[in-house]
Amino acid sequence: MKEKINRSFCIAPMMGYTTPYARKLYRILSKRSFLFSEMIASKSLIHSKSKDLIIENDEHNPVALQVGGSNLEDLKKCSKIAYQYNYDEINLNVGCPSKAVQKGSFGACLMKDKVLVKECLEAMQNEKIEVSLKCRIGLGKELNYSFFEEFIDEVIKSGINIIYIHARNAILSGISPAQNRSIPRLDYDFVRKIKFRYPNIFFVLNGGIDSLEKAKHLLYEFDGVMLGRLIQSNPFLLKRVDNFIYNENILSEVNEDIIYNYFDYIAPKIQYESIFRLLSPLLNIFFGIPDSKKFKSEIHTHMKKQELSKIKRIFIDFVSQNRLLLN
Ligand SMILES: Cc1cc2nc3c(=O)[nH]c(=O)nc-3n(C[C@H](O)[C@H](O)[C@H](O)COP(=O)(O)O)c2cc1C
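Quick caveat, the model's predicted, so the values are computed rather than measured.

### Side note on empty space enclosed by the protein
- This structure, assessed with the given rule, holds one cavity of 30 Å³ or more.
- As a volume, the largest cavity reaches approximately 30 Å³.
- In terms of lining, the largest cavity is formed by Pro20, Tyr21, Asp52, Leu53, Glu56, Lys269 and Tyr272.
- For the lining of the largest cavity, the elements supplying multiple residues, two or more each, are helix 1 (20-29) and helix 3 (51-55).

### Re the packing of helix 1 against helix 12 (residues 256-266)
- Between helix 1 and helix 12, whose axes approach to 10 Å, the crossing angle comes to 150 degrees. Here helix 12 runs roughly antiparallel to helix 1, going by the angle between their axes. Pair helix 1 / helix 12 crosses with right-handed handedness. Contacts from Pro20, Tyr21, Lys24, Leu25, Ile28 and Leu29 in helix 1 reach Ile258, Asn261, Tyr262, Tyr265 and Ile266 in helix 12.
- Classifying every residue of the contact of helix 1 with helix 12 by side-chain character gives nine nonpolar, one polar and one charged.

### Section: helix 13 (residues 275-283)
- Burial analysis of helix 13 places seven of its nine residues in the buried class, the great majority of the element.
- Every buried residue of helix 13 is accounted for by Ile275, Leu278, Leu279, Ser280, Pro281, Leu282 and Leu283.

### Brief notes about the site of the ligand
- In the vicinity of the ligand, 18 residues are found, and the nearest of them are Gln66, Asn206, Gly208, Gly228 and Arg229.
- Asn93 places a side-chain nitrogen or oxygen 3.2 Å from an oxygen atom of the ligand.
- Here an oxygen atom of the ligand and a side-chain polar atom of His166 are 3.4 Å apart.
- For the ligand, whose free accessible area comes to 600 Å², the fraction covered by protein is 91%.
- When each cavity is represented as a set of grid points, the ligand is found to reside in the largest pocket.
- The residue inventory of the shell around the ligand, partitioned by class, reads seven nonpolar, eight polar and three charged.

### Description of the pairing of strand 4 (residues 89-94)
- Of all six residues in strand 4, six are buried, a share of seventy percent or more.
- Bridge count between strand 3 (residues 63-68) and strand 4: four bridges; the pairing is parallel. Within strand 4, the position partnered with Val67 by the bridge is Leu92.
- Each parallel crossover has a hand, and for strand 3 linked through helix 4 (residues 72-84) to strand 4 it is right-handed.
- With six bridges joining them, strand 4 and strand 5 (residues 130-135) adopt parallel strand pairing. Each residue of the ladder has a partner; that of Val94, found in strand 5, is Cys135.

Basis of the calculations
Per chain, residues are indexed from 1 in the order of the written sequence. For a predicted model such as this one, the threshold for reporting local features is a pLDDT of at least 70, and the threshold for listing and counting side-chain atom pairs is 80 or more; totals across whole chains, interfaces and linings nevertheless cover every residue. Computation of side-chain values: all heavy atoms of the structure, hydrogens and water removed. We place a 1 Å grid over just the protein atoms. Points where a 1.4 Å probe fits but has no way out form a cavity, open points with protein on both sides within 12 Å along at least 5 of 7 lines form a pocket, and any residue with an atom within 4 Å of a point lines it. Grid points are joined across faces, edges and corners, and a volume is the space filled by probe spheres set on the points. Comment: elements are numbered from the N terminus, with helices defined as DSSP H or I runs of at least four residues and strands as E runs of at least two. Lines fitted to C-alpha atoms define the axes here, with helix axes fitted over just the stretch in contact, and angles between the N-to-C directions of these axes take values from 0 to 180 degrees. If an angle is under 35 degrees, it is roughly parallel; if it is over 145, roughly antiparallel; if it lies from 65 to 115, roughly perpendicular; otherwise it is oblique. Here is the rule for handedness: rotate from the far helix to the near one, and if that takes an anticlockwise turn smaller than a right angle the crossing is left-handed, while a clockwise turn gives right-handed. Only heavy atoms matter for contacts: two residues are in contact if any of them lie within 4.5 Å across the pair. Amino acids outside the nonpolar list (Ala, Val, Leu, Ile, Met, Phe, Trp, Tyr, Cys, Pro) and the charged list (Asp, Glu, Lys, Arg) are all regarded as polar, and Gly is one of them. Here the term buried applies to any residue with accessible area under 20% of the maximum for its type, exposed to any over 50%, and partly exposed to those in between, with areas from a 1.4 Å probe on protein chains only. Consider each residue's heavy atoms; a residue with any of them within 4 Å of a molecule or strand counts as near. The definition of a polar contact used here is a pair of N or O atoms within 3.5 Å, where within protein one atom must be able to donate a hydrogen and the other to accept one, and adjacent residues in sequence count solely through side-chain atom pairs. Surface exposure here means Shrake-Rupley accessible area, sampled with a 1.4 Å probe, where a residue is shielded only by the protein chains that are shown. By definition, a pocket or cavity contains a molecule when more than half of the molecule's atoms lie within 2 Å of the pocket's grid points. DSSP bridges decide pairing: two strands pair if at least two such bridges lie between them. By the criterion used throughout, a crossover qualifies as right-handed when its path from the first strand across the helix to the second strand runs clockwise, the strands pointing away from the viewer.

Next comes the structure, spelled out in structure tokens:
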């Protein structure tokens, strides 16, 4: 029996960012947010020797594992792996426009083949894990609601109930994936209309949500919201989410315990993981805090020498000296 999970506030999958370490920090700051892994190609998930490192799930639940792929047998295996690693959900990426991903026949280019996407989602189904999709609203420069509707009509025949929609078209050539996160324009109406057509499917709106206030406002209308770059640049905003979005009676603050907790998690991993990957989520603590240059440059010096305990001390000092500004 699948447990009922709340997906009102989701943190978008982001390659290079939503690592197990970032998820640890996100989970320390918010118990309720729904988390995602980075996208992992199905073949890497099945064959990579460093799989444990990439998809480790240290009780970060509720959390989804995102995969990219279109080989049905591989995707079936990925679902089993996601379950073994205690993920709550496996999500198929049909939104990434990068050339590399297109070469591997996955990501946004799959929107051209809605029957294949349906088959992928069917292959991923088993009774133990929720299966979901993340897609765009179309392909190319022109917006075309009928194309989007026909795509959704087909893919939901797979039986999935949860769809995350980055509400802008994917452009498969001529611009970079980063540019394709701001052009072409967003159109939330596509998500409104498809929800009206399928009231029983859970649609999560993604794209351009740049404040918690906006997220909360959108939740009056949409089933869920998904935020990417806002959390990437300032993860410490998450300390407000349980109270502000989920109405939990919790007033969190940024304090030294967060640093201790985070370092307890990353310290044993320094033997096999890059110090930058381990620390990069926490480095965003300096976001918007004046005069933090000194702390940052000290940390970078110690990073070169892999001196984790000295770095921890600097973060602790920073937090105790800037508590008012951080909260
Ligand atoms: C650095 C970066 C990496 C991303 N990697 C992924 C990914 O692995 N899978 C995915 O579905 N989307 C990925 N995205 C897209 C985001 O999940 C999200 O759809 C997009 O950033 C729009 O949301 P936002 O406006 O809140 O940032 C990435 C975005 C960024 C900024």
